[in-house]
Structures are given as structure tokens and as C-alpha cells.
Amino acid sequence: MLVLGIESSCDETGLALYDTSRGLLAHAVHSQIAMHEEYGGVVPELASRDHIRRLIPLLERVLAEAGAGRSDIDAIAYTAGPGLAGALLVGSGFAEALAFALTVPALPVHHLEGHMLSPLLSADPPRFPFIALLVSGGHTQLMRVAGVGAYELLGESLDDAAGEAFDKTAKLLGLGYPGGPALSVLAREGTPGRCKLPRPMLHSGDLDFSFSGLKTAVLTAVRARELSPSERADLAAEFQEAVTEVLVTKALAAVRQQGLDTLVVAGGVGANQRLRQRLDAGAQKARIRVHYPELELCTDNGAMIAFCGARRLQLGQRPEGGGAFAVRPRW
Ligand code: KG4
Ligand code: ZN
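Residues numbered from 1 in each chain as written. Chains lettered and ligands numbered in written order. Predicted model: local features only at pLDDT ≥ 70, side-chain atom pairs only at ≥ 80, totals over all residues. Heavy atoms only, no water.

## Remarks on the site of ligand 1
Phase 1 of the analysis: In the region of ligand 1, 18 residues are neighbours, and His-115, Gly-137, Asp-167, Gly-268 and Asn-272 sit closest.
Phase 2 of the analysis: In this structure, His-111 approaches ligand 1 through a side-chain N or O atom, which is 3.0 Å from an oxygen atom.
Phase 3 of the analysis: Here an oxygen atom of ligand 1 sits 3.3 Å away from a polar atom, N or O, in the side chain of Asp-300.
Phase 4 of the analysis: Contact with the protein chains hides 86% of the accessible area of ligand 1, taken as 560 Å² for the molecule alone.
Phase 5 of the analysis: Going through the elements one at a time, helix H4 (111-117), helix H5 (162-172) and helix H6 (179-187) are the ones with two or more residues in the shell around ligand 1.
Phase 6 of the analysis: Classifying every residue of the shell around ligand 1 gives 4 nonpolar, 12 polar and 2 charged. (Near = heavy atom within 4 Å. Polar contact = N/O pair within 3.5 Å; in protein donor to acceptor, adjacent residues only side chain to side chain. Areas by Shrake-Rupley, 256 points an atom, 1.4 Å probe, with all protein chains shown as cover. Helix = DSSP H or I, 4+ residues; strand = E, 2+ residues; numbered from the N terminus. Nonpolar A, V, L, I, M, F, W, Y, C, P; charged D, E, K, R; others polar.)

As C-alpha cells, this is what we get:
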């Protein structure tokens with residue numbers, strides 16, 4: 001079964017073809033970063049319009065790369081939420097229309113489920129059950145994953161998501177969009193611990209998180225006086241250290257608490273090298289195996305949506321049909 005995956009929830013248009021017997025055949029992503037850069041963040045209307053421009057050329061590209069034609073597509077999976085309403089509507093409208101034309105099913109997929117299952121696309125995939133640490137721009141969650149569709153939420157951020165905290169702190173430090181990668185680059189030039197930031201909820205005894213206070217602490221430091229370039233780098237390094245320390249401690253605690261030995265990390269913040277370093281070190285000590293998606297599949301892409309849709313179709317899930325569709329921006 002050849003499944004076309006379509007991702008358009010935010011500022012990346014991602015298309016991919018996943019074959020249930022041959023694996024991932026092609027995937028292509030167009031990032032809108034350059035377009036939104038001058039506004040310091042994603043402009044929803046511009047994002048929607050750009051998705052419209054990119055979808056057909058990207059479809060042609062993945063078909064050519066896979067050596068396939070439109071008529072080879074057996075099913076279409078698309079991100080139905082959460083995300084920007086207009087951007088989601090472009091992807092879902094395109095997916096449903098194409099599915100109608102090809103008389104194949106179109107399956108709505110939850111964006112975060114796509115992220116969470118994305119490590120299963122790697123050469124050495126994790127085995128169920130495992131704990132998933134989901135760290136994206138909109139979510140920070142710890143899940144127990146018993147299988148496809150069998151998820152139990154163990155803990156989550158009570159306020160800002162980790163990626164959101166990275167982005168907002170980067171803005172406070174005068175860095176561009178997207179803030180996470182920019183902040184991690186600046187952090188490399190600094191030394192953590194020179195200025196002290198809190199480790200929110202580190203000892204709360206549960207698996208929840210809170211990151212908005214950390215951002216406020218950075219704001220206070222930035223407002224107190226003019227910081228030198230090296231002080232800004234130290235602040236970035238300390239911020240990154242604080243976020244990663246809390247994430248690592250709670251993720252490993254979740255694995256232990258559930259009596260498991262496997263941790264999966266997914267979502268954009270999973271690309272952070274310091275987080276990976278600390279997780280790998282902590283996991284090795286605790287004899288826990290950590291799985292990451294391929295680096296190019298950490299941020300938004302169509303491959304994870306195609307894969308997630310394929311697995312759900314294999315489990316017998318069928319779309320409600322009728323060609324009608326509804327996006328769920330706050331799903
Ligand atoms: O999963 P993702 O691409 O989109 C969402 O579903 O939200 O995650 C985007 C988030 C952004 O907040 C971005 O700043 C963050 O992931 N991010 C990073 C890094 N790369 C992306 N945060 C820290 N370090 C990174 N290297
Ligand atoms: Zn995402």
C-alpha cells in the first residue's frame with residue numbers, strides 16, 4: 001500500500017510517499033522560514049498562501065523521486081490538527097480533493113502522533129511499549145506508548161511548551177526566528193552556571209513541567225542592565241541547561257516509574273544537541289535505550305504523517321468518508 005502524507009500545520013509544507021512493504025520512498029519539505037523571518041514569527045495568512053503554492057510542485061517531486069504516478073497512490077494521510085486553521089485547511093482540502101479524484105481514502109492524522117511515531121521510521125526502530133518525550137513548539141508531554149493508538153498521558157507542561165520557551169527566550173535575547181536553533185548556537189559560546197536560572201518543577205514529584213517562569217527570569221535579567229555579548233551567551237547557555245536538565249530528569253523518571261527501558265524523543269526540540277548529549281549520558285547510566293528520529297524528521301515533515309496514516313490504515317481504521325472534512329486547530 002502506497003500512502004501519500006501531507007503536512008501543512010504551520011510553516012513547513014511536507015509531502016512524502018511511504019510504502020508499507022518498501023518503507024519511505026520519498027519525502028520533500030519546503031520551509032517558509034525565510035518568508036516569515038522579517039516578521040519575527042509565523043504570519044498565518046502568508047503561511048496558508050505559501051502552502052497553496054508548494055503543494056502541487058512537491059507532489060510532483062515526491063512522485064518523480066519514488067518513480068510513481070498519481071494512480072499508484074492507495075491512500076492519503078494529512079495533518080488535520082493541531083495547528084494554524086488556514087494552513088491546515090489548505091492541506092486537508094488538497095488531500096480530500098485528490099483522494100476524491102483518485103477514489104482512495106483520505107485519513108486525518110494528529111500532528112503529534114506523527115511526531116511521536118517518527119522514530120519508528122529509523123533503521124533501528126524502538127519496540128513497544130516505550131515512553132515518548134514530545135517536545136515541540138506547542139507541546140511538552142510525556143506519554144506511555146503501548147502501540148499505535150494506545151497512548152497514556154503521564155505528564156505535560158502546565159504553561160509554555162519547551163519549544164515555545166526557547167522561541168520566546170531567543171526573542172528576549174534579540175535572536176531571530178526560529179528561536180530554538182538560534183539560541184542553541186549562541187549557547188555554544190557561553191558557559192552555563194555563570195548566571196543562575198531556576199529549574200522549574202524539578203522536584204515536584206510528578207511528571208509535569210512549567211517553562212514560563214524561566215522565560216520571565218530571563219526577561220528580568222535582560223531588563224536589569226545592558227548585557228555584554230558574552231553575558232548574553234552565558235544566559236543562553238544557562239537557559240538551555242535549565243530546560244534540558246528538567247526534561248532529562250523527568251523523562252528518565254517516567255521510564256523508571258513505568259518499569260520500561262526505552263525512551264523515544266520527538267518534536268523540534270529533539271534536534272537540540274545539548275538535550276541529546278544529556279539524555280544519552282543519563283540513559284546510559286540508567287541502562288535505558290534512547291531513540292531519536294532521523295535529524296531531518298525531527299521538525300515538521302510529511303514522512304511522519306504518511307507513516308502514521310499507513311499504520312492506522314493497516315490496523316483497519318477507515319476515514320468517515322463522504323469527502324467532507326474538518327480541521328481541528330486545537331485538537
Ligand atoms: O515539532 P516542530 O518542528 O513544530 C511543532 O510541531 O511545533 O517544533 C518546532 C519547535 C520550535 O519551537 C523550535 O524553536 C524548536 O522546535 N527547535 C529547537 C531546535 N530546533 C527546533 N529548540 C531547541 N534547539 C533546537 N536545536
Ligand atoms: Zn511539529
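## What to know about the UniProt feature "domain: Gcp-like" (unreviewed entry) in the protein chain
Phase 1 of the analysis: As annotated by UniProt and renumbered to match this structure, "domain: Gcp-like" (unreviewed entry) occupies residues 24-307.
Phase 2 of the analysis: Secondary structure across residues 24-307 comprises 47% helix and 17% strand; the distance between its end C-alpha atoms is 8 Å. (UniProt positions renumbered as here; feature names shortened; annotations may be inferred.)

## Observations concerning the packing of helix H8 (residues 229-257) against helix H9 (residues 273-285)
In a packed pair of helices, the relevant descriptors are the angle between the two axes and the axis-to-axis distance.
Phase 1 of the analysis: Direction vectors running N to C along H8 and H9 enclose 35°, while the axes themselves pass 9 Å from each other. Judged by the twist between their axes, the crossing of H8 over H9 is right-handed. Side by side, H8 and H9 meet where Gln-240, Glu-241, Thr-244, Glu-245, Leu-247, Val-248 and Leu-252 of the first sit next to Arg-274, Leu-275, Arg-278, Leu-279, Gly-282 and Ala-283 of the second.
Phase 2 of the analysis: A per-class count over the contact of H8 with H9 returns 6 nonpolar, 3 polar and 4 charged. (Axes fitted to C-alpha atoms, helices over the stretch in contact; angles between N-to-C directions. Left-handed = near helix turned anticlockwise from the far one by under 90°. Contact = heavy atoms within 4.5 Å.)

## A look at the nonpolar core
Phase 1 of the analysis: In this structure, Leu-133, Leu-142, Phe-239, Leu-247 and Leu-263 are the most contacted members of the largest nonpolar core, which totals 45 residues.
Phase 2 of the analysis: Listing elements by their share of this core, those giving two or more residues are strand S6 (130-135), H5, H6, helix H7 (212-224), H8, strand S9 (262-266) and H9.
Phase 3 of the analysis: Beyond its immediate stretch of four places on either side in the chain, Leu-263 contacts Ile-131, Leu-133, Ala-251, Leu-252, Val-255, Leu-279, Ile-288, Arg-289, Val-290 and His-291.
Phase 4 of the analysis: Grouped together as the second largest cluster of nonpolar side chains are 24 residues, Ile-6, Leu-17, Leu-63 and Ile-73 included. (Core = buried A, V, L, I, M, F, W, Y, C linked by side-chain atoms within 4.5 Å. Buried < 20%, exposed > 50% of the residue type's maximum accessible area, 1.4 Å probe, protein only.)

## What about the pattern of salt bridges?
Phase 1 of the analysis: Summed over all chains, the structure comprises 18 salt bridges.
Phase 2 of the analysis: Arg-54 is the partner of Asp-50 in a salt bridge, and the nearest nitrogen-oxygen pair spans 3.2 Å. Note that Asp-50 and Arg-54 are positioned in helix H2 (residues 44-66) at a spacing of 4 residues, about one turn of the helix.
Phase 3 of the analysis: On the basis of relative accessible area, Asp-50 is assigned to the buried category, the value being 2%.
Phase 4 of the analysis: For Arg-54, a relative accessible area of 30% puts it in the partly exposed group.
Phase 5 of the analysis: With its nearest N and O atoms 3.1 Å apart, the salt bridge here joins Lys-168 to Glu-164. Of the two residues, Lys-168 and Glu-164 both sit in helix H5, 4 residues apart, roughly one turn of that helix.
Phase 6 of the analysis: Shared partners join several salt bridges into a network, and the residues in it are Asp-160, Glu-164, Lys-168 and Lys-215. (Salt bridge = Lys/Arg side-chain N within 4 Å of Asp/Glu carboxyl O.)

## Overview of the confidence of the model for the protein chain
Phase 1 of the analysis: In the predicted model, the protein chain carries a mean pLDDT of 96, and the fraction of residues at 70 or more is 99%.
Phase 2 of the analysis: Here the predicted complex carries an ipTM of 0.98, next to a pTM of 0.94. (pLDDT = per-residue confidence, 0-100.)

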